[in-house]
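Structure at a glance
Here is how the chains run, residue by residue.
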Amino acid sequence: MASRSREWLAIAAVVAVGLVLSFAVTERYHHRVLTLVFLWATMGLAWNIISGYAGQISFGHQAFFGIGAYVTVLLAAKLKITPWLGMLGGVGVAVLAAVLIGTPTFRLAGIYFGLATLAYPLIFRIVMDYLGYQEVAIPMMREQPGLFMQFSEPRYFDLLALGILAATLVLSRIIETSRLGYSLRAIKENEQAAEAMGVDSFRCKMIAYMLSAAPAAVAGAVYAHAILFVVTPEAVFGVLVIVQTLTVCLVGGAGTLWGPIIGAAIMIPVSEILDTTVGDRLPGIQGVVYGAALMAVMMYAPEGLYWRVRSMILARTRRSVGAARPAPTAAEVHATTPAVPAGARSVLMDVRGISKSFLGLQALSDVSFDVREGEILGIIGPNGAGKTTLFNVLNGFLLAEHGEVHWLGKSITGLQPHVICRLGIGRTFQVMRLFPHLTVLENVMVGAFAHGASPDRARVSSLAALDLVGLADRADVVPTGLTTLELRLMELARCLATRPRLILLDEPLAGLSTDGVELMALMIRRARAAGVTVAIIEHTIHALVRLADRLVVLDQGRRLAEGLPGEVTRTPAVIEAYLGTRWLARHGAPQHAEDLRP
Amino acid sequence: MVASELTQYVVTGLLVGGVYALMSIGLALIFGVMRVVNFAQGDFMMLGMYLTYYYAVVLGIDPLVGALVTIPPFFVIGLLVHRVFLARVTGGGDPNREMDAQLILTLGMSLIITNATTMILSPMPRAIRTTYATRAFAVGPLLLNQARTYAFFMALLLAAAVYVFLTRTDLGKALRAAADDPEAASYQAINVRAMHGVAFGVGIALVAAAGGLLATYYPIEPNVAVNFIVLMFVAVVLGGLGSIPGAFVGGLAIGLVQSLTLLVLPLQLQNVGVFVAFLLVLYVRPQGLFGRRARTV
Amino acid sequence: MSLLARAVTLALALLLALPVAGPPPAVAVDDVKIALVVPLSGRWARQGQLKKMGAEMAIEEINSQGGIKALGGAKIVLREADAGDSVEKAVSAAQRVLTREKISAGIGSWLSSFTLGVTEVAERLQVPWLTLSYADSITERGFKYTFQTSPVSSAQAEQALDLVVELAKRNNQPIRKAALIGDNTAATVFFFKPLREKLLQAKGIELVVDEVWTPPLPDATSIVQKLRATQPDLVFYGATNFPDSIQVLQKVKEFGVKTHIQGVGAWLVTPEYVKTVGKELLDNIQTVVAAHPLKGQEELVKKFVQRTGEPFMTQDPLCSYAHVWLIKEAAEQAKSADPKAIRDALAKIDLTTGPAASTLSPGRIRFDERGRRIGAVPLIVQWQNGEPFTVVPVNLATRPVVWHK
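Each chain has its residues counted from 1, running along the sequence as written. Chain A is the first chain written and ligand 1 is the first ligand written, with later ones labelled in order. Only residues with pLDDT of at least 70 are given local features in this predicted model, and only at 80 or more are side-chain atom pairs given and counted; all residues enter the totals for whole chains, interfaces and linings.

**Some details on the overall build of chain A**
Secondary structure elements are taken from DSSP: a helix is a run of H or I of four residues or more, a strand is a run of E of two residues or more, and numbering for both begins at the N terminus. Counting secondary structure elements, chain A contains 25 helices and twelve strands. Projected onto its principal axes, the C-alpha coordinates of chain A cover approximately 100 × 50 × 40 Å. With C-beta atoms placed from the backbone, the exposure class of a residue follows from how many other C-beta atoms lie within 10 Å of its own: 20 or more, buried; 12 or fewer, exposed; in between, partly exposed. Taking all 598 residues of chain A together, the buried fraction comes to 55%. Excluding contacts between residues fewer than 6 apart, the proportion of contacts in chain A whose partners are at least 24 apart in sequence is 72%. A pair of residues counts as a contact when their C-beta atoms, built from backbone coordinates, are within 7 Å of each other.

The structure is reproduced here in structure tokens:
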């Protein structure tokens, strides 16, 4: 696609500009500034992989930077190993550290994760001082300077730094366009929804973390040789490193590979210019001006310069005019229930004796039923009956205390949500869980990735799913502009993109007008006709009565009734649950289900 | 190890922790209500130390009292800083995106405050000479440094006052409502933005007071914050974000761990003990000691 | 983007396009430029400013006395660059100042890690560099352009121990137990190492307390508790971070520990100590330094005090004062302002007269092939009634030593 190759061209252009600058600049000090820009941009890009793309804000990325620096320098100083090889050692140790740090720490969310990651470089700093490495001067190798990454010509440092920047840009872009990239963005936007769409979020985060540690280590190694000449724990494990990284990324804009480049290209020269022009003569003023610059940028472009400029350019959003509603086909209008009688269908999911309590409140009590292939099963009950809790158990978000769930004969009790998704059970949510900064198409693609599709195949099958629900024309819009109906349709499409055999729909009709309800019902029937079994939670009976083949009624965590809609709605116990004993006593069993409006 | 020696370690740790605790409450309040990570928190503490110094040296007010007197001016400063700068980038509803902006914003503030102070007041360290900084209360075999003991009790008092304020007064309850659920709070006619301002003001005032108490035994210079800022954040997260009692306990815990670590690790690795303990607590209780478990589906 | 933001972006873009340096004040073409790379902002700004004061005083003296005679009365000009508070900034400052103009020699940078980085730049750019840093590592790299005028830490340890033991013996209070307490900064580490490993043992002194901490120190109780329990006769004390050192001193007073404190380094004799802990607490505390006003330098000290308003003169300004004079002498001998020539002159200099030689004990300046000053000896300085005085060696002392337990 044109926009994709455009990105690669832009990357090539940036590298070309870097090359030109390396050769155009003559003064030694200016070369140093250029090297610093490239190095901090690289570090920013590395941070961006885990913190920008995956949304796991790390305050401890300098751990890898410092590991790269120390391993390389110590190998050179003690064992005379060339840093070109030593760097690989640094990367290896850093990636290992990423695994060791990430494994226990990914369980933490938000700023807990961020500060836990900070603890590690702080510990490393103290340990390095303790081991006697408080000042490791890089020994000057006059005989073989190139072999030891010691260039008297500063241009070579520029080129080296530019090289690792280019490599990290390429890495970032590959991640962006790969399945991993979509999964990461989904995790960032809404981790639980991502899990429900089949994304193994732990694995994705870990891969991202490892991929982000490697360039950070390389940046650290080169920084030690090109900039510091003496490695101290403060200089490579210290807070100033992460502060510089954050500055570069957040001023430029997180979550995009252009952010760190823009941030570094602006803030580092500004800082150096301030040092040069006023700092030496009026020490301290450069800190004040730089701080003011940071504040100014954040007040006027809080999301970062890249996003700000981009949203200005794209300001003519596609706030579309009312879209045409997909109309039911003639065949669908006249469709009756499928030929196979309900009782003869095979059992897909067998729920046996599920019980779940929260803090002493019994949410579910010995609930059993089955879901049969090709049916539309309605699960109804008054508010607080435990319906959503039931779905959360079925789908893996909650662990039941008693009971089992069997899928196609095998137990799925206690499996993780993304595993359950890949086994063929899809889910939508009562409170819609969108990925708000991804387009509609990208939202659906996250689901399509559940079956290992490549980005291209995922795009194709996602468009097909959108087509099915009539949202194809909304593919490139972000969800914030959509109506409730359109959002629910999108969620349905996303769920269908995971190619499920069974979908669990949690109150898909809530908040819709009569027309909307009609349309959703049509879509649900379409899905069933396409071979997907449906289990729906609703708490208004009359909507489901015409849609569902069978109903299961829950009340206060117990299964109250099960059977055909007509029967169930006349069961006194059910009526009592919805309308109360007094109503029942006064009115008796109703003739029509429509009368059962609580 | 003799029991009295162990007790001395515990007591020393608690006294050190008391002032950490007060420093951290301000940060916890700001984070709890506004979800703002205030990089400049330590620098406001530093300014509080200078103001207390001024009170002591020019006006002759004992720093223990001076610390309290920093509260009103810093509350006002906090309100203004929020109004002019922070309100622009926070309170909009998307905490993820906002975190980025306010991190850098407060970082910028920190740079300005430290450098301007260095330029205007000079980097020469200053100190308030108190008699009680070099005297100890002898309680049996234990020695309790007088300055730190006074500071500890003042910190406890202030923390209790904050707690009462948050739980018993209408304004405090409104603050907590704004923290818990800004949308619902606004439906109850609570001006969430104003609440943020109040939270920031109180948070800054508290850390300034902590600085004043610190100044009874610690020298004052523009970069003093760097010695404490990490510990402050660790205390807040350890206690559980948004929990005021949690931050207080977190601060005490850090002081305690720092002291008790010396029983097992060499002095050089003292803070390693703190960070390892921090990690262990988080791994076992990801929401911190007093934090609320994140909502599930 | 709002108008203001656009204006800001434009301004930034223009700045980027401009050539980097703002024009320095007008100088005559043949002026001799000396670089001073020290922290002038951030955590160590105070120390850097003190160094700058000393250098400026020397320059003013030299210029008013006719400049560098061998170069036709050329004046000396100071080019200071702010090393800030990170190695990156320090090395950047050095690069910046050494490439912007022709610099004949440089001085700096206070923190040994900064000095290591800065001297590497100076070595590559072939500009001679003078430093007062004590760390052994500074001159163990095979550099040709680095000149370390202070005795190195390990040598200081040996000499200081001899001096103190001698003093104690003369006062009938022989040293039997010693303590080492300090932080893990390079100079302290290099000083303590030989003491711990062999020197104390060689003198039959028992090491009873060995406590090293990573700055910042949260609380001094455990350390001073140990001192109180073991009652050493001598405490070597190396706390370069000001709040840390204050805490230990205060705690020593609080616990009533009576011992002889022997500081390691000039950080213990800055004026701020008097204002913060008071002169009573400081009385009789000694410290080992590389330089301090000696007998015969009273005029110099008076002049410094008048110029700067500082209560007294200490190692940092004194050394940069001496360094500037030393460079002047080298330039005279080399008859050139060329950095290489000055370097060669320094390498073979043998100076016994002039302000530089009279400042650096024992009054003779010669460098070995590593760049270390041959025969450099440390001084012992003692606080007496709120002011520090050189007490050892006795022939250079400005006050007699006071010794009591």
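**Remarks on the overall build of chain B**
Within chain B, the regular secondary structure consists of twelve helices and two strands. In chain B, the succession of helices and strands from N to C terminus is α-α-α-α-α-β-β-α-α-α-α-α-α-α. For chain B, whose C-alpha radius of gyration is 19 Å, the value lies close to the compact-globule estimate of 19 Å for 297 residues. The principal-axis extents of the C-alpha atoms in chain B amount to approximately 60 × 50 × 35 Å. Taking all 297 residues of chain B together, the buried fraction comes to 63%. It is over C-alpha atoms that the radius of gyration is taken, and the globule rule equals 2.2 Å times the number of residues to the power 0.38.

**Points about the pairing of strand E7 (residues 206–213) of chain C**
The side chains of a regular strand alternate between both faces of the sheet. Residue and element names in this part refer to chain C. Pairing geometry for strand E6 (residues 177–183) and E7, over seven bridges, is parallel. Each bridged residue has a counterpart across the sheet, and for Gly182 the counterpart in E7 is Val212. In this fold, E6 hands off to helix H6 (residues 186–202), which returns the chain to E7; that crossover is right-handed. DSSP-based pairing: two strands are paired if at least 2 bridges between them are found. When the strands point away from the viewer and the path from the first strand over the helix to the second turns clockwise, the crossover is right-handed.

**Describing the interface of chain B and chain A**
Every contact between the two is made by 40 residues of chain B and, on the other side, 39 residues of chain A. Broken down by secondary-structure element, the contributors of at least two residues to the side of chain B that touches chain A are helix H4 (71–89), helix H5 (95–121), helix H10 (229–239) and helix H12 (270–284) of chain B. In terms of residue count, H5(B) provides more of the side of chain B that touches chain A than any other element does, 18 residues in total. When residue character is reported, Ala, Val, Leu, Ile, Met, Phe, Trp, Tyr, Cys and Pro are called nonpolar, Asp, Glu, Lys and Arg charged, and the others, Gly included, polar. Residue composition of the side of chain B that touches chain A, grouped by class: 29 nonpolar, eight polar and three charged.

**Quick look at the sheet that holds strand E3 (residues 105–108) of chain C**
Hydrogen bonds along the backbone pair up the strands of a sheet, which may run parallel or antiparallel. All names here are of chain C. What the five strands build is an open sheet, ordered E2-E1-E3-E4-E5; its pairing is parallel. This sheet does not close on itself; its edge strands, each paired only once, are strand E2 (76–82) and strand E5 (146–148). Across this sheet, the average inter-strand angle for adjacent strands is 25°, counted without regard to direction. Both strand E1 (residues 32–38) and E2 contribute to a ladder of seven bridges, which runs parallel. Looking at the pairing, Val37 lines up with Ala81 of E2. Angles here are taken between N-to-C directions and fall from 0 to 180 degrees, while the axes themselves are lines fitted to C-alpha atoms, restricted in helices to the stretch in contact.

**Concerning unusual backbone geometry**
Residues and elements named next belong to chain C. The omega angle of the peptide bond from Pro215 to Pro216 is -5°, so this bond is cis rather than trans. Tracing the backbone through its elements, the reader meets Pro216 in the loop between E7 and helix H7 (221–230). Looking along the chain, the bond that leaves Ser361 and enters Pro362 is cis, with omega of 10°. Positive phi outside glycine occurs at Gln231, with the angle close to 50°. Within the secondary structure, Gln231 is located in the loop between H7 and strand E8 (234–238). Under the C-beta neighbour-count criterion, Gln231 is labelled partly exposed, with 13 such atoms within 10 Å. Positive phi is not limited to glycine here, since Lys335 has a value of about 55°.

**Overview of the interface of chain A and chain C**
Each partner contributes to the interface: chain A provides 37 residues, whereas chain C provides 38 residues. Put simply, the parts of the chain that give the side of chain A that touches chain C at least two residues each are helix H2 (28–53), helix H5 (110–130), helix H9 (201–228), helix H12 (258–279), helix H13 (285–300) and helix H14 (305–313) of chain A. Looking at the side of chain A that touches chain C residue by residue, the class counts come to 20 nonpolar, nine polar and eight charged.

**Quick word on the domain arrangement of chain A**
Residues and elements named next belong to chain A. Note that the domain bounds reflect an automated or database-derived domain assignment. What the domain assignment reports for chain A is domain 1 (2–250), domain 2 (347–424 + 500–598) and domain 3 (432–499). Computed from C-alpha atoms alone, the centre-to-centre distance between domain 1 and domain 2 is 50 Å. At the interface, seven residues of domain 1 touch six residues of domain 2. Split by residue class, the side of domain 1 that touches domain 2 holds three nonpolar, two polar and two charged.

**Some details on the packing of helix H6 (residues 155–177) of chain A against H9(A)**
Residues and elements named next belong to chain A. Here H6 crosses H9 at 170°, and the two axes come no closer than 11 Å. Between H6 and H9, the interaxial angle falls into the category roughly antiparallel. Within the contact between the two elements, H6 uses Phe157, Leu160, Ala161, Ile164, Thr168, Leu171 and Ile175 and H9 uses Leu211, Pro215, Val218, Ala219, Val222 and Ala226. Broken down by class, the residue content of the contact of H6 with H9 amounts to twelve nonpolar, one polar and no charged. Relative orientations are named as follows: roughly parallel for angles under 35 degrees, roughly antiparallel for angles over 145 degrees, roughly perpendicular for angles from 65 to 115 degrees, and oblique for any other angle.

**Side note on the sheet that holds E7(C)**
All names here are of chain C. Taken in spatial order, the seven strands of this open sheet run E7-E6-E8-E9-E10-E11-E12, and their pairing is mixed. Either end of the sheet is taken by a strand with one partner, and the two such strands are E7 and strand E12 (387–392). In this sheet, adjacent strand axes meet at a mean angle of 25° when their direction is disregarded. Contacting E6, E7, E8 and strand E9 (260–264), H6 runs over the sheet at an angle of about 155° to E6.

**Things to note about the packing of helix H6 (residues 146–168) of chain B against helix H11 (residues 244–261) of chain B**
Residue and element names in this part refer to chain B. Between H6 and H11, the least distance of the axes is 10 Å, while the angle of their chain directions is 165°. As judged from the angle between their axes, H6 and H11 are roughly antiparallel. Every pair of crossing elements has a handedness; the one defined by H6 and H11 is left-handed. Facing H6, whose interface residues are Ala159, Val162, Tyr163 and Leu166, H11 presents Ile244, Pro245 and Phe248. When the near helix sits turned anticlockwise from the far one by under a right angle, the crossing is termed left-handed; a clockwise turn instead gives a right-handed crossing.

**Considerations on helix H4 (residues 112–125) of chain C**
Residue and element names in this part refer to chain C. Here H4 contains 14 residues, and its C-alpha end-to-end distance of 20 Å stays within 8% of the 20 Å for a straight helix at 1.5 Å per residue. The buried count for H4 comes to twelve of 14 residues, which makes it a mostly enclosed element. Here H4 has its buried residues at Ser112, Ser113, Phe114, Thr115, Leu116, Gly117, Val118, Thr119, Glu120, Val121, Ala122 and Glu123. A helix is expected to span 1.5 Å for every residue after the first.

**A few points about the environment of Ser311(A)**
All names here are of chain A. Topologically, Ser311 is positioned in helix H14. You can call Ser311 exposed: it has 12 C-beta atoms within 10 Å. A C-alpha to C-alpha distance of 44 Å links Ser311 and Ile126, two positions 185 residues apart in sequence.

**Considering the pairing of E3(C)**
Residue and element names in this part refer to chain C. Alternating positions in E3 separate into two faces, Ala105 and Ile107 on one and Gly106 and Gly108 on the other, with burial throughout. Here E1 runs beside E3; their pairing, made up of four bridges, is parallel. Within E3, the position partnered with Ala35 by the bridge is Gly106. The pairing of E3 with strand E4 (residues 129–131) spans two bridges and is classified as parallel. Along E4, the bridge assignment pairs Gly106 with Trp129.

**A few points about the environment of Ala277(B)**
For Ala277(B), the location among the structural elements is in helix H12. Sequence separation between Ala277(B) and Ile254(B) is 23 residues, and the spatial gap between their C-alpha atoms is 8.8 Å.

**Brief notes about the confidence of the model for chain A**
Residue and element names in this part refer to chain A. Residues at a pLDDT of 70 or more form 92% of chain A, whose mean pLDDT is 86. Per residue, pLDDT measures the predictor's confidence, with a range of 0 to 100. Between residues 318–324, whose pLDDT stays under 50, and residues either more than four places distant or in other chains, the model counts three contacts. Every residue in residues 333–340 is under pLDDT 50, and counting partners more than four places away or in other chains gives six contacts.

**What about H6(C)?**
Residue and element names in this part refer to chain C. The end-to-end C-alpha distance of H6, which contains 17 residues, comes to 24 Å, matching closely the 24 Å that a straight helix rising 1.5 Å per residue would cover. A residue's bend is given by the angle between axes fitted to the 7 residues ending at it and the 7 residues starting at it. Remark: the principal bend of H6, roughly 55°, maps to Arg196. Of all the positions in H6, only Ala186, Ala187, Thr188, Val189, Phe190, Phe191, Phe192, Leu195, Leu199 and Leu200 are classed as buried. Looking at the packing, one finds that the buried side of H6 touches H4, helix H5 (153–170), E6, E7, E8 and E9. Among the residues trailing H6, Gly204 stands out with phi positive, at a value near 70°.

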